[in-house]
Amino acid sequence: MKRTSLYWDNFEQRIPETIEAVLTGTIPPIRRVAIFITEKCNFRCKYCNHLNAPISMSEEIFRSTMEKYGDSAILHITGGEPSVVPWLYPLLKEFGEQYRFHLNTNAYIAPPASSVRRLKISLDNCHAAQWDCLVGKNGAFNQVVRNIKRASMETVTSITYTLTKENYNNAIDFVRFSNQEFPNLYAIFFSIYKGNNPLFAFSKDDVNKIFDEIIPRLESELSVESLALLYETIDEKRRLMQGVRFPQNTMGICYISMSECVVSPSGEEYTCSHLYRDKIKSVVNSKNVKCLYGCNRRLVKFNEQVQEAIDLEKL
């Protein structure tokens with residue numbers, strides 16, 4: 001598939017701005033701010049590697065971040081689970097018309113969908129009992145499903161389905177369930193389990209089955225946007241194996257991080273949200289060893305387009 005998903009990173013604007021900045025020796029505008037608003041979560045997902053800690057951003061720091069970046073940047077709110085921060089949803093409702101909020105959530109608590117521009121909701125199963133067991137909360141599945149139905153009628157809503165050894169065989173059933181239950185859904189995004197727990201990590205046999213059996217069947221079930229996202233995330237078999245390095249990611253500069261930043265719960269700023277999730281608080285636009293397998297095809301393409309334009313200008 002030649003098409004590249006636009007999803008929600010504003011790359012159409014950021015790529016030319018970054019090229020111009022590099023060629024002129026300036027700094028491109030910040031167009032995406034990843035706000036890690038809390039380390040708390042109201043779920044206890046069995047596969048999650050995130051440290052659940054009683055740390056959250058203050059409303060004062062959040063407001064100062066809004067004022068600093070104004071309405072020129074996407075304010076992408078994530079965590080932890082943002083809904084456990086009691087002041088957040090009322091604030092989003094107050095300022096949703098003025099700022100471009102994007103929100104990641106598990107949707108156990110109904111999100112203020114009409115006040116955010118993009119909404120990404122985690123759901124990894126279409127069977128209520130299995131999902132409730134995975135997240136450690138009875139009744140979670142039915143509540144999340146209800147909230148997705150409502151939210152998808154109010155804003156651009158996608159679902160993130162984290163593929164693991166435990167659930168990849170259910171991926172087709174999940175897509176069919178979503179197509180039936182969420183007709184207004186924008187896309188299904190398949191992320192990949194990152195960890196070494198043998199209950200969830202893929203073996204080579206799992207990877208072969210995913211490529212030989214699961215993906216071909218998904219191709220006929222997914223929407224155009226969902227399929228584009230699938231190809232960008234799972235573009236080759238080794239993408240599913242934890243710790244594998246990708247030579248196309250080894251350039252010295254990460255041009256993506258020049259036009260975005262990460263804000264921690266304490267208000268400190270870093271460059272890369274992928275590294276931040278790996279507990280690496282980078283403040284420079286350079287590649288870390290984690291980056292060598294952390295970027296999907298869409299992000300790699302960003303860097304390639306910028307580098308190609310710079311190289312062409314130097315000829």
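As shown above, the structure is provided for reference.
Residues numbered from 1 in each chain as written. Predicted model: local features only at pLDDT ≥ 70, side-chain atom pairs only at ≥ 80, totals over all residues. Heavy atoms only, no water.

Draft legend 1. Examining the pattern of salt bridges more closely. A complete count under the given rule lists 14 salt bridges for this structure. Notably, a salt bridge pairs Arg32 with Glu260, separated by 3.4 Å at the nearest N-O pair. Separated by 228 residues along the polypeptide, Arg32 in strand 1 (residues 32-36) and Glu260 in strand 7 (residues 260-263) bring together distant segments of the chain. The class of Arg32 is buried, set by a relative accessible area of 10%. In this structure, Lys149 and Glu181 form a salt bridge, with 2.8 Å as the shortest nitrogen-oxygen distance. (Salt bridge = Lys/Arg side-chain N within 4 Å of Asp/Glu carboxyl O. Helix = DSSP H or I, 4+ residues; strand = E, 2+ residues; numbered from the N terminus. Buried < 20%, exposed > 50% of the residue type's maximum accessible area, 1.4 Å probe, protein only.)

Draft legend 2. Spatial organisation of the environment of Pro90. Residue placement: Pro90 occurs in helix 3 (residues 88-95). C-alpha separation for the pair Pro90 and Pro112, spaced 22 residues apart in sequence, amounts to 8.3 Å.

Draft legend 3. Just the pairing of strand 4 (residues 118-122), in detail. Pairing analysis gives four bridges linking strand 3 (residues 100-105) to strand 4, with the strands arranged parallel. In the strand pairing of strand 4, Asn104 is matched with Lys120. Sheet analysis places strand 4 next to strand 5 (residues 156-163), joined by five bridges and oriented parallel. The residue of strand 5 that forms the bridge with Lys120 is Ser158. (Pairing = 2+ DSSP bridges.)

Draft legend 4. The nonpolar core, seen in detail. One finds Ile37, Phe62, Leu88, Phe101, Trp131, Phe190 and Leu218 to be the most contacted residues of the largest nonpolar core, which totals 69 residues. When neighbours within four sequence positions are excluded, Leu218 is seen to be in contact with Ala171, Ile172, Val175, Phe190 and Leu230. Counting 13 residues, the second largest nonpolar core, distinct from the first, contains Phe11, Cys295, Phe302 and Val306. (Core = buried A, V, L, I, M, F, W, Y, C linked by side-chain atoms within 4.5 Å. Contact = heavy atoms within 4.5 Å.)

Draft legend 5. Examining the sheet that holds strand 8 (residues 269-270) more closely. Taking strand neighbours across the sheet as the criterion, the eight strands line up as 6-5-4-3-2-1-7-8 in an open arrangement whose pairing is mixed. At either end of the open sheet lies a strand with only one pairing partner, and these are strand 6 (187-192) and strand 8. Of the strand pairs in this sheet, strand 1 and strand 7 are connected by four bridges, and their pairing is parallel. When the bridges of strand 7 are listed, Ile35 appears paired with Val263.

Draft legend 6. A look at the environment of Leu240. Turning to its location among the elements, Leu240 is positioned in the loop between helix 8 (224-233) and strand 7. Placed 64 residues apart in sequence, Leu240 and Arg176 show a C-alpha to C-alpha distance of 23 Å.

Draft legend 7. Seen up close, the pairing of strand 3. When you tally the buried positions in strand 3, you get five out of six residues, the bulk of the element. Bridge count for strand 2 (residues 74-78) against strand 3 is four bridges, and the pairing is parallel. Across the sheet, the residue bridging to Leu75 is Phe101, located in strand 3.

Draft legend 8. Summary view of the side chain of His102. Tracing the chain through its elements places His102 in strand 3. Exposure remark for His102: the relative accessible area of 5% places this residue in the buried category. Those residues within four positions of His102 in sequence are excluded, and the remaining contacts are Trp8, Ile74, Leu75, His76, Ile77, Arg117 and Arg118.

Draft legend 9. Quick look at the state of the cysteines. Applying the stated criterion across every chain, the model contains zero disulfides. Looking at the unpaired Cys48, the closest cysteine sulfur is the one in Cys45, lying at 6.0 Å. Taking the relative accessible area as the measure of exposure, Cys48 reaches 40% and is therefore partly exposed. Here Cys126 stays unpaired: no disulfide links it, and the sulfur of Cys133, its closest cysteine neighbor, is 15 Å away. (Disulfide = S-S within 2.5 Å.)

Draft legend 10. Molecular detail of the packing of helix 2 (residues 59-69) against helix 3. Contact pair helix 2 / helix 3: the axes reach a minimum separation of 12 Å and the direction vectors enclose 25 degrees. What the angle tells us is that helix 2 and helix 3 run roughly parallel. Relative to helix 3, the crossing made by helix 2 is right-handed. Here Glu59, Phe62, Arg63 and Met66 of helix 2 lie close against helix 3, whose contacting residues are Leu88, Leu91, Leu92, Glu94 and Phe95. (Axes fitted to C-alpha atoms, helices over the stretch in contact; angles between N-to-C directions. Parallel < 35°, antiparallel > 145°, perpendicular 65-115°, else oblique. Left-handed = near helix turned anticlockwise from the far one by under 90°.)

Draft legend 11. Quick peek at helix 6 (residues 171-181). Those residues of helix 6 that fall on the buried side of the exposure criterion are Ala171, Ile172, Phe174, Val175, Phe177 and Ser178. Of the surrounding elements, those touching the buried residues of helix 6 are helix 5 (140-151), strand 5, strand 6 and helix 7 (204-219).

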